[in-house]
Amino acid sequence: MTRPRPQPAPDYTNAFLAMCYLILVMGLMVIWGVWGYVVALVLCVALRQGIVWLDRRLERAE
């Protein structure tokens, strides 16, 4: 008796990225409400620089 092959898992990449975006926006809104606009802006700049640094590092690894 042969076992049936399992079906491939659904691709939830877009749903995951959308939820990450919503969580990030809500977190920044909370930071903005508690500590102010400047802290939220500095955090956004730091996150962006971290993403750029990671992108450059991953490009060199390829």
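Residues numbered from 1 in each chain as written. Predicted model: local features only at pLDDT ≥ 70, side-chain atom pairs only at ≥ 80, totals over all residues. Heavy atoms only, no water.

*Asks:* Would you take a moment to explain the overall build of the chain for this structure?
*Replies:* Scanning the chain from N- to C-terminus turns up two helices and zero strands. Reported as C-alpha extents along the three principal axes, the dimensions of the chain are approximately 65 × 35 × 15 Å. Counting the 62 residues in the chain, one finds 6% classified as buried. Counting only carbon and sulfur atoms, one obtains 68% of the accessible surface of the chain, whose full area is about 6300 Å². With 6 positive and 4 negative side-chain charges, the chain shows a separation of 7 Å between the mean positions of the two kinds. (Helix = DSSP H or I, 4+ residues; strand = E, 2+ residues; numbered from the N terminus. Buried < 20%, exposed > 50% of the residue type's maximum accessible area, 1.4 Å probe, protein only. Areas by Shrake-Rupley, 256 points an atom, 1.4 Å probe, with all protein chains shown as cover. Lys, Arg positive; Asp, Glu negative; His and termini not counted. Charge placed at Lys NZ, Arg CZ, Asp CG, Glu CD.)

*Asks:* When you look at helix 1 (residues 13–35) in this model, what are you seeing that I'm missing?
*Replies:* Its 23 residues give helix 1 an end-to-end C-alpha distance of 32 Å, which sits within 8% of 33 Å, the value for a rise of 1.5 Å per residue. The positive-phi residue at the C-terminal boundary of helix 1 is glycine 36, with phi of around 110°. (Expected span 1.5 Å × (residues − 1).)

*Asks:* Is there a simple way to think about a nonpolar patch on the surface in this case?
*Replies:* A cluster of nonpolar side chains, Trp32, Tyr37, Val38, Leu41, Val42 and Val45, forms an exposed patch at the surface whose accessible area comes to about 620 Å². Examining the composition of the nonpolar patch, we find that five residues originate from one element, helix 2 (residues 37–61), more than from any other. On the secondary structure map, valine 42 appears in helix 2. (Patch = residues over 30% accessible without salt bridge, like charges linked within 9 Å, V, L, I, M, F, W, Y side chains within 5 Å. Salt bridge = Lys/Arg side-chain N within 4 Å of Asp/Glu carboxyl O.)

*Asks:* Explain the packing of helix 1 against helix 2 here, please?
*Replies:* Between helix 1 and helix 2, the shortest axis-to-axis distance is 7 Å and the interhelical angle comes to 145°. Mapping the contact onto sequence places Leu24, Leu28, Ile31, Trp32 and Trp35 in helix 1 and Tyr37, Val39, Ala40, Leu43, Cys44 and Leu47 in helix 2. A per-class count over the contact of helix 1 with helix 2 returns 11 nonpolar, no polar and no charged. (Axes fitted to C-alpha atoms, helices over the stretch in contact; angles between N-to-C directions. Contact = heavy atoms within 4.5 Å. Nonpolar A, V, L, I, M, F, W, Y, C, P; charged D, E, K, R; others polar.)

*Asks:* Looking at this structure, how should I read the packing of aromatic side chains?
*Replies:* The relative placement of two aromatic rings is captured by the distance of their centres and the angle of their planes. Enumeration according to the criterion identifies one aromatic pair in this entry. Seen from their ring centres, tryptophan 32 and tyrosine 37 are 5.3 Å apart, and the 55° between their planes marks the pair as tilted. By relative accessible area, tryptophan 32 is classed as partly exposed at 48%. (Phe/Tyr/Trp six-rings, centres within 6.5 Å; stacked < 30°, edge-to-face > 60°.)

Don't take any of this as a statement about function, it's just geometry.
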